[in-house]
Amino acid sequence: MVMKGKRILVVLATAVLAAAVSATAAFGAHRADPGITKTSIHIGGTFPLTGVASAYKTIPAAESAYYAYVNAHGGVNGRKIDFTVLDDGYNPAQTVPDVQKLVEQDKVFAIVGSLGTAPGLATWGYTNARKVPQVMLATGDSFWGFCARKTCQGSTKPYTSGWQPDYPGEGRLYGKYIAANMPNAKIGILYQNDAFGKNYIAGLNQGLGSKKGDVVDEEGFNATDTVVTQQVLALKAKGADTFFIVATPGQAIAALVTATKIGWSPTTFLANVSAIRPFLLAAAAAGANLNGVISSTYLASPTTQPNLAGMKLGKAIIAQYAPALAADWAVGDSNLVYGMGVAWTFVTALQNAGKNPTRASLMNALHSLNTSKDPFVYPGITLQTSATDNFPIEQEILTKWSGGATGDWHPFGKLLTSGR
Amino acid sequence: MSALAHRIGLRRRRSDRGVSLPVLAALAAACVFIVIGCLSSNIFAEQTVAGLAQGAVYASLALALVLIYRATEVINFAQGEMAMASVYIAYQLLQWGFSYWEAFFVTLAVALVLGIVIQVVLIRPVQHKSVIAVVIVTVGLFILIDGLVNWKWGGDIKFMQAPFGNKLYHVGAVTIARQDIGTLVITIGSVLILWILFQYTKLGLAMRAAALRPAAAALVGVRVDWMLAIGWGLAAVLGAVAGLMAEPSQFVLQPTLMQPILLYAFAAAVLGGLESPAGAVVGGLTIGVFLNLVGQYVHFITSELRLPFAFAVLLGVLVVKPTGLLGRGKVRKV
Amino acid sequence: MRVRAAGIGTAAAAAVVLALLPFALSAYHQALAAQVGTFFVAILGLNILTGYTGQISIGHGAFMAIGGYTTAVLSRDHHTNLVLTMAAAFAICFCCGLLVGLPALRLAGVYLALATFAFAVSVPQVPLKFSKYLGGSGGVQSAKTVGHLWLYGVSWTTAAVLFVLAWLILRGRTGRAFRAVRDSEVAATSSGVQLPVYKTLAFGISAAFAGVAGSLFVMGTNGFAQPSEFGILLSLQILVGAAVAGLGSLWGVLAGAAFIGLLPTVSSDVPLIGSTHGQDVVFGLIVIVIMLLLPNGVAGLLARLARTRARGLNRGSI
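Residues numbered from 1 in each chain as written. Chains lettered and ligands numbered in written order. Predicted model: local features only at pLDDT ≥ 70, side-chain atom pairs only at ≥ 80, totals over all residues.

Here we take up the overall build of chain C. For chain C, the count of helices and strands is 15 helices and 2 strands. C-alpha atoms of chain C, sized along the principal axes, occupy 70 × 50 × 40 Å. Out of the 318 residues in chain C, the part that is buried amounts to 54%. Contacts in chain C between residues far apart in sequence, at least 24 positions, make up 78% of those at least 6 positions apart. (Helix = DSSP H or I, 4+ residues; strand = E, 2+ residues; numbered from the N terminus. Buried ≥ 20, exposed ≤ 12 C-beta atoms within 10 Å, placed from the backbone. Contact = placed C-beta atoms within 7 Å.)

Below you can see the structure in the form of structure tokens.
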């Protein structure tokens, strides 16, 4: 009798002990975030591989190539990066299910590099509510910089961030340049009639300052328009001698060619989202006169700066991991440089996030960047973020096209700050 | 031939003539207005010229839509994508080393065959069963072709050489590109060729018969099914021409090439009357010029409202004259 | 009698399955199922107009846009309860449908189809123009976003309610009038059916359904309404769904909704012709094949099966 009771006591005690131990283990154990194991880290992004914005589809290709290079050299702290690219066709109704799939089905660690303002706005509430990093968005909207601490659309968005200099900032640079060098210019603006275009114009006006009155006309077009002749004719008729093109590559080419075709030779400024060399060459082939067109850049150039360490590295990475893009690299497709610049930044942040990164430590790393070592950005540019500044890159340099139909962009002046 | 036409009842009666007097007068007045405008204002002339060039592109796609509608009473939603696919075929031929005009005519031949094949394989099985089924098949075709082109060639921007080069002509202070003149000439040429085909050849007569009186035509030995297939083939050729003229007007080639044009081509076809090839051309040119002039002079109609405005005007015309400017009124017999 | 009992039995069984389903699905799949519910409502509406009244409309994406923006704007500006916004969308789109139906009276067949097509293409441009109130390209964000289970529950409850409503409308005098208009306008008029009244009414009801579907659609897109979500492709998807469902009958609507709601996602998982474009190619191909094989849609197939079964039964009884 007594033996049986004792046995029961022992069993009970063991059970209680086991429970206590496992309870402490559960409490004390580090609950890993989804998407990360000892040997891999799974990230994803949504990009317009088809549709109106598909000119940018080489960006995720370059990012994948860079991650392949990193993986071949041991990965980040022994973890290989697995990058899933989904096509949302620049349609927010497609981005939402894509992001849901990445977060809930594929259980990615972070959303990295997704392209598009509207797609970002459609999903940032969702990602921030679930504390999923949604970082290095490929758009220059200033939301991504401001809303980490400020309330936007009802809540702060600390898990969302951008990478490139913002559009208003770039507009400010052109505005300041005009105010200083061509104060009596008559400016005609051709802009895409959405947030992208309107942000630029706001920045331009800020940069012009007291010379705001120089703007004589603004003509808008839809993102889906393929022809802008009527708008360019109207700008010329208003007597503009300075032409501002705020457009993505398709309409930018149309604008440049049309301006020449109607016999108009203004001083032209081109938003740098379209200053991608192969598109300029095509515009020249179709008859555009490019000499003197001004734009800006924050990236190194594979064609005018081929001896930079970053450009040599990029060329080698493309040759080894994405040989189909070699021709693009050779002709100066800056989308490829952009993609690698973003990928480099992510890998660096991941390294700074510690041996066992978590989503929180990744965000910490991204909010405390301070490096001039990104080999793909223009030499001298520092990537910097802090508690009060969530814009990683805020420096650009102005460039001017010379060399006609086989020419290129050549930087002039000094590195300028596009920040406030 | 006239005996044949008479037997099938295709002789034109005066009451059937589509162009009514008020419409003719309105069009004439519009032309006079345009000419006066061009002479008095430089920007007016420039916008008009640009509008005519763009309108010619709308007109050529509208022609294809009208041809199919006339022959088969079907609206082919895939017309734009078929045209776009033809341009990509031309692009591929150019990549393989053909010269531009060689590629042009080979593409037209390929388009002819594809149009016929599509009609025989996809449309013929359903055309008698249900109107909506045919519409859905063309919608499915739209999506399928778009997917295939994106898959084979990618969605990014490609570049093709321009058929008429980059030469510019100067008339007074207005610059006219040789490309635009070429487009206009080819569009009007297409209408003329079509007209000659339908009015003066046996094939054309057989096609008209098959469209208007299929039962009677079958009785006199017209192979109605084949006439419909050839109708689709010809429409595909017209679409290919439209695409090949549209690409240089946009300076780049991408899969979305024909999508905005399709919308305006529908408007042009309906405006001119869905059964009238001349109406398609009039409708296309009108829309092209009208949109540019409105964009220039009416400031409320900004770029966001261009498409809705065009369609609002179109609806207005339809409410007044439901069969379009040059369309024939249909008398419904009880 | 037997048919009606069988019909109610099927509907009841479907209702039970739908009620229990979410507990067997992961959250991600609940979201997918909710989307099917959204398309169910839209296709139901289009079927009333095109299937039962014979008026072809390729413009239902526009009514979804109006309903969706109603929800988003009311939620953003007045923090309105989301279910109330659905009722508002129903009412507003009913009125819009009546308004669209009026000029449509003068148009028939292809011209009507093209006019509705024009409407579908034009409506999404309106928020771009009036961007101060309607968000422009930056879209309108609702104040509240919903979880997957909530959305599933609301969308399928709405679908059930509206299905019953449609059934009641269509079996009554209104439904008979609609069918008369579809089959022969001349005969309908001679029997005393007032064409303008019933044609506009069909537009109104159909638009109201599409408006509710639009509300659900926006709720399913994280409460974010933006013009490019409502492009012409959406209207075409609904039309395809209605055709696959089978026009003129309510029984295939579930199949049609499942087709357009699930096929894109399912086909993207199949490692066919490359992931991204494979979706479109597969979708287009399957749509064409279905139309060639089943021009009257799933409902037509069901009817054929029922007839074959009835013939079999008859033979058996002899």
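Moving on: the overall build of chain B. When its secondary structure is counted, chain B shows 13 helices and 2 strands. For 334 residues, the compact-globule estimate of 2.2 N^0.38 gives 20 Å, and chain B sits close to it at 20 Å. Viewed in the frame of its principal axes, chain B has a C-alpha envelope of about 60 × 50 × 35 Å. Relative to its full complement of 334 residues, chain B shows a buried share of 53%. Taking as baseline every contact in chain B between residues at least 6 positions apart, the subset at least 24 positions apart corresponds to 73%. (Rg over C-alpha atoms; globule rule 2.2 N^0.38 Å.)

Bringing unusual backbone geometry into the picture now. Residue and element names in this part refer to chain A. Non-glycine residue N77 carries a positive phi angle of around 50°. Among the secondary structure elements, N77 is positioned in the loop between α2 (58-72) and β2 (80-87). Judged by the 14 C-beta atoms lying within 10 Å of it, N77 is partly exposed. If you check the backbone angles, Y90 has positive phi at about 65° while not being a glycine. Along the chain, Y90 falls in the loop between β2 and α3 (92-105).

Here we take up the interface of chain C and chain B. With 37 residues of chain C at the interface, the matching set in chain B holds 36 residues. Those elements giving two or more residues to the side of chain C that touches chain B turn out to be α5 (109-122), α6 (126-129), α12 (232-245) and α14 (275-293) of chain C.

Turning our attention to the interface of chain A and chain B. The partner chain B presents 28 residues to the 33 residues of chain A that form the contact. Elements supplying a minimum of two residues to the side of chain A that touches chain B: β7 (215-221), α8 (229-237), α9 (249-261) and α10 (277-285) of chain A. With 6 residues, the single largest contributor to the side of chain A that touches chain B is α9 of chain A. Residue composition of the side of chain A that touches chain B, grouped by class: 17 nonpolar, 13 polar and 3 charged. (Nonpolar A, V, L, I, M, F, W, Y, C, P; charged D, E, K, R; others polar.)

Attention now moves to the environment of Y133 of chain C. All names here are of chain C. One can find Y133 in helix α7 (residues 131-134). The class of Y133 is exposed, set by 11 C-beta atoms lying within 10 Å. Each C-alpha atom of the pair Y133 and A104 lies 29 Å from the other, and the pair is 29 residues apart in sequence.

This next bit is on the sheet that holds β2 of chain A. Residues and elements named next belong to chain A. The strand order β2-β1-β3-β4-β5 describes an open sheet built from 5 strands, whose pairing is parallel. Every interior strand has two partners, whereas the edge strands, β2 and β5 (160-162), have only one. If you compare each strand with its neighbour and ignore which way they point, the axes differ by 25° on average. Examined bridge by bridge, strand β3 (residues 110-112) and strand β4 (residues 134-137) share 2 bridges and lie parallel to one another. Opposite V112, over in β4, you have V135 as the bridge partner. On the sheet, α2 packs against β1 (40-47) and β2 and is oriented at approximately 165° with respect to β2. (Pairing = 2+ DSSP bridges. Axes fitted to C-alpha atoms, helices over the stretch in contact; angles between N-to-C directions.)

Turning next to helix α3 (residues 60-78) of chain C. Residue and element names in this part refer to chain C. The end-to-end C-alpha distance of α3, which contains 19 residues, comes to 27 Å, matching closely the 27 Å that a straight helix rising 1.5 Å per residue would cover. Taken across its 19 residues, α3 has 16 buried, putting it largely inside the fold. Two residues or fewer past α3, H79 is found with a positive phi of approximately 50°. (Expected span 1.5 Å × (residues − 1).)

Right, let's talk about the packing of helix α5 (residues 100-127) of chain B against helix α6 (residues 131-153) of chain B for a bit. All names here are of chain B. Between α5 and α6, the shortest axis-to-axis distance is 9 Å and the interhelical angle comes to 160°. It follows that α5 is roughly antiparallel to α6 by the angle criterion. Of the two elements, α5 crosses α6, and the hand of that crossing is right-handed. Facing α5, whose interface residues are L122, I123, V126 and Q127, α6 presents A133, V134, V137 and L141. Looking at the contact of α5 with α6 residue by residue, the classes come out as 7 nonpolar, 1 polar and no charged. (Parallel < 35°, antiparallel > 145°, perpendicular 65-115°, else oblique. Left-handed = near helix turned anticlockwise from the far one by under 90°.)

A word on helix α10 (residues 224-250) of chain B. Residues and elements named next belong to chain B. With 27 residues, α10 extends 39 Å between its outermost C-alpha atoms, agreeing within 8% with the 39 Å of an ideal straight helix rising 1.5 Å per residue. Summarising burial for α10: 24 of the 27 residues are buried, a large majority. Following α10 by one or two positions, F251 has its phi on the positive side, about 70°.

Turning our attention to the environment of G211 of chain C. Residue and element names in this part refer to chain C. Here G211 shows up in helix α11 (residues 195-220). Residue class for G211 comes out buried when judged on the 33 C-beta atoms lying within 10 Å of it. For the pair G211 and V73, spaced 138 residues apart in the sequence, the C-alpha separation amounts to 14 Å. Discounting residues that sit within four places of it in the chain, G211 has contacts with F63, I66, G67, A89, F90, I92 and C93.

Attention shifts here to the packing of helix α2 (residues 27-52) of chain C against α11 of chain C. Residue and element names in this part refer to chain C. In the contact formed by α2 and α11, the axes pass within 7 Å of each other and the chain directions differ by 165°. Judged by the inter-axis angle, α2 sits roughly antiparallel to α11. The handedness of the crossing between α2 and α11 comes out as left-handed. Across the interface between the two elements, A31, A34, Q35, G37, T38, V41, A42, L44, G45, L46, I48 and L49 of α2 pack against A202, F203, I205, S206, F209, A210, V212, A213, L216, F217 and G220 of α11. Counted by class, the contact of α2 with α11 contains 17 nonpolar, 6 polar and no charged residues.

We now examine the pairing of strand β10 (residues 294-297) of chain A. Residues and elements named next belong to chain A. Residues I294 and S296 point to one face of β10 and S295 and T297 to the other, with burial holding for every one of them. Direction of pairing for β10 relative to strand β13 (residues 395-402): antiparallel, over a ladder of 4 bridges. Residue S295 lies in a different strand from β13, and its bridge partner there is T399.

Of the pairings in the sheet, the one linking β1 of chain A to β2 of chain A comprises 8 bridges and is parallel in character. Each residue of the ladder has a partner; that of I41 of chain A, found in β2 of chain A, is I81 of chain A.

Our focus in this paragraph is the confidence of the model for chain C. For chain C, the average pLDDT comes to 85, and 93% of its residues sit at 70 or higher. Predicted confidence in chain C is weakest over helix α1 (residues 2-20) of chain C, with a mean pLDDT of 74, and strongest over α3 of chain C, with 94. (pLDDT = per-residue confidence, 0-100.)

With that settled, consider the confidence of the model for chain B. Residue and element names in this part refer to chain B. When pLDDT is averaged across chain B, the result is 86; 93% of the residues are at 70 or more. Looking at the elements of chain B, mean pLDDT is at its lowest for helix α1 (residues 2-8), recorded as 55, and at its highest for helix α4 (residues 79-95), recorded as 96. A low-confidence stretch, residues 11-16 (pLDDT under 50), is modelled with 3 contacts involving residues beyond four sequence positions or located in other chains.

All names here are of chain B. On the secondary structure map, A229 appears in helix α10. Along the primary structure A229 and V121 are separated by 108 residues, whereas in three dimensions their C-alpha atoms are 9.9 Å apart. Excluding anything up to four places from it in sequence, A229 contacts I116, Q119 and V120.

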